[in-house]
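Spelled out, the chains give:
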Amino acid sequence: MQKLQLWERYKNRLYHHAELELSVDTSRMNFPDSYLDQMEPRLQKAFEEMAELEAGAIANPDEQRMVGHYWLRAPELAPTAELAEQIKAALASVKAFASSVHQGNIAAPDGHRFENLLVVGIGGSALGPQFVADSLGSAQDRMKVFFFDNTDPDGMDKVLAEIGSGLKRTLTVVISKSGGTKETRNGMLEARQAFEKAGLHFAAHAVAVTGSDSELDRTASQEGWLGTLPMWDWVGGRTSVTSAVGLLPAALQGIDVDRLLAGARICDQATRSRSTRDNPAALLALSWFHATAGKGERDMVLLPYKDRLLLFSRYLQQLIMESLGKELDRDGKKVLQGITVYGNKGSTDQHAYVQQLREGVPNFFVTFIEVLKDREGASMLVEPGATSGDYLSGFFQGTRSALYEKDRESVTITIREISPASIGALIALYERAVGLYASLINVNAYHQPGVEAGKKAAGTVLKLQGEILEMLRRQSERDFTCADMAMTLARPEEVETVFMILRHLAANPVHGVSATTEEKVWENRFRAAR
Ligand SMILES: O=P(O)(O)OC[C@H]1O[C@H](O)[C@H](O)[C@@H](O)[C@@H]1O
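None of these values were measured; they are calculated from a predicted model. (Residues numbered from 1 in each chain as written. Predicted model: local features only at pLDDT ≥ 70, side-chain atom pairs only at ≥ 80, totals over all residues. Heavy atoms only, no water.)

**Some remarks on the pairing of strand β2 (residues 22-25)**
Of the two faces of β2, the one carrying Leu22 and Val24 and the one carrying Ser23 and Asp25 are both buried. Taken together, the three bridges between strand β1 (residues 15-17) and β2 define a ladder with antiparallel strand orientation. Across the sheet, Tyr15 pairs through a bridge with Val24, a residue of β2. Turn length for the β1-β2 hairpin, with the two strands adjacent in sequence and antiparallel, is four residues, and the turn residue Glu21 shows positive phi of about 55°. The pairing of β2 with strand β11 (residues 410-415) spans four bridges and is antiparallel. From the neighbouring strand, Leu22 faces β11, where its bridge partner is Ile415. (Buried < 20%, exposed > 50% of the residue type's maximum accessible area, 1.4 Å probe, protein only. Helix = DSSP H or I, 4+ residues; strand = E, 2+ residues; numbered from the N terminus. Pairing = 2+ DSSP bridges.)

Written out as structure tokens, the structure is:
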């Protein structure tokens, strides 16, 4: 298509929201103009399902749950007055807690204000808080934020080393909706040990965000933590960033959570429109449907031209892939659905994988995110008439054109600046797009049955490890190959798992297991150290 024709298509298709200063440009998606009309009946059905969801329908039938993240930004829309009150009360508690911490009314045991924040969580209980912290943080933050988002001991040591002697002025927020996630429990225990080693009483440094009466809730109350903020079963982990999960860390960091919520609320209003052309989330969902043939046939590459949006693709990976990646559709038919999401940031990726995007396997579409405002304050000229930010803009436009010339399609989202409101709007935009797209492809976006399999299998491995350790200790006079051990435990079919457990045990001193080094690594002999 010629440049001027594309310009016409740009003007024809551009969605712009004046108050949010947000645009969605689908002109570089090659669907015909008739596509929207053709998809209209399916879209209307999706809008209807969304309205039912917002009115409190059981939108997650597998878990018999309502899906209410939109109410978090507009409590008056919650289906009962009681829920509305709970949402308002939780927000008030978040703000009151953060303000007490900032004012020193809730202080470190040495009487000083808390200066650091250690957030312990995983999945939806970490990705949203991390994205918000990274996109909106600054040198003026009220607290410096750190994360434990895994059960990797070395990763935790690295964070603790960074905090160093600052631990005595560190507040720990442990976040888990279910309150039973092992990685988070381990992170909490490791944090507690670090505090105790430093002679500090963990409970005086800890606050929880969790569901009522969860394991974490009970621990927090038995040990007398500083507080507990609620999570509800009608908020999914991956859509929990506008609940206390995201708001408490953000408020403690000093981010204006009211503006974040306001941005999300305004975007929610816009994406409730049943007029497809006026609904930016519907336009995104339709673009995804077009690009992937409604079957995940192409990957979604996210290229935000802004360092502060680096973690957006990681955040969206969970939101999109956990919501859409489903074996069965809502009628129980095998569909193997999903959209693969990856990306970092432009212009950086230009020097990494954009080569393949332009010339290699055409199995993707791009979402560019353009941010008009370069920085606070003035910019130097890096050459006559051009700043670093002008270059960033030039590289964005150049890549968009270069890809389009080679028939690589893209959507561009433009925002004026990075602010709590625009981050809230981006979050809400994608939450809605995922919900609408899930309706279009008839999958339940609000459950994650596949995640349980790995958790159960990990439980089996840990149980087998217990049996192996017991056997090594009981028969400490002898050594075992993995095959011996599997036979001795009467689990010959588990020999590979036994080998992997033994190899890991011997690599770490805590269990007191030693290994010989044989020519073939699977013939190594293991014994309990005497
Ligand atoms: O908040 P939690 O209950 O600890 O859950 C943390 C994460 O764990 C799971 O594996 C789910 O798949 C995620 O959706 C969830 O966000």
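**Observations concerning the UniProt feature "active site" (unreviewed entry) in the chain**
UniProt annotation of "active site" (unreviewed entry) refers to Glu322, His351 and Lys455 when read in the numbering used here. Considering the C-alpha atoms alone, the annotated residues occupy 134 residues of sequence and remain spread out, their largest mutual distance being 37.4 Å. Among the structural elements, Glu322 can be located in helix α11 (residues 312-324). Given a relative accessible area of 22%, Glu322 falls into the partly exposed group. (UniProt positions renumbered as here; feature names shortened; annotations may be inferred.)

**Concerning helix α17 (residues 495-506)**
Think of an α-helix as 3.6 residues a turn; residues three or four steps apart then line up on the same face. Here α17 contains twelve residues, and its C-alpha end-to-end distance of 16 Å stays within 8% of the 16 Å for a straight helix at 1.5 Å per residue. Burial in α17 covers these residues: Val498, Phe499, Ile501, Leu502 and Leu505. For α17, the secondary structure elements touched by its buried residues are α15 (449-474), α16 (482-488), β12 (513-515) and β13 (526-528). (Expected span 1.5 Å × (residues − 1). Contact = heavy atoms within 4.5 Å.)

**Description of the sheet that holds strand β5 (residues 170-176)**
An order of β4-β3-β5-β6-β7 is seen for the five strands of this open sheet, with the pairing classed as parallel. Either end of the sheet is taken by a strand with one partner, and the two such strands are β4 (144-148) and β7 (227-231). Recorded for the sheet is a direction-independent mean angle of 20° between the axes of neighbouring strands. As judged from the five bridges shared by β5 and strand β6 (residues 206-211), these two strands associate in the parallel manner. (Axes fitted to C-alpha atoms, helices over the stretch in contact; angles between N-to-C directions.)

**So, the site of the ligand**
Among the 14 residues in the neighbourhood of the ligand, the closest are listed as Ser125, Ser176, Ser178, Thr181 and Glu322. Here Lys177 contributes a backbone N or O atom positioned 2.7 Å from an oxygen atom of the ligand. Between an oxygen atom of the ligand and a side-chain N or O atom of Gln318, the distance comes to 3.3 Å. In isolation the ligand exposes 390 Å². Once the protein is present, 88% of that is buried. Secondary structure elements with two or more residues in the shell around the ligand: α11 and α15. Of the residues belonging to the shell around the ligand, the class tally is two nonpolar, nine polar and three charged. (Near = heavy atom within 4 Å. Polar contact = N/O pair within 3.5 Å; in protein donor to acceptor, adjacent residues only side chain to side chain. Areas by Shrake-Rupley, 256 points an atom, 1.4 Å probe, with all protein chains shown as cover. Nonpolar A, V, L, I, M, F, W, Y, C, P; charged D, E, K, R; others polar.)

**Structural notes on the environment of Met471**
Looking at the element boundaries, Met471 is found in helix α15. Beyond its immediate chain neighbours, meaning those up to four positions away, Met471 contacts Phe480, Met485, Thr488 and Leu489.

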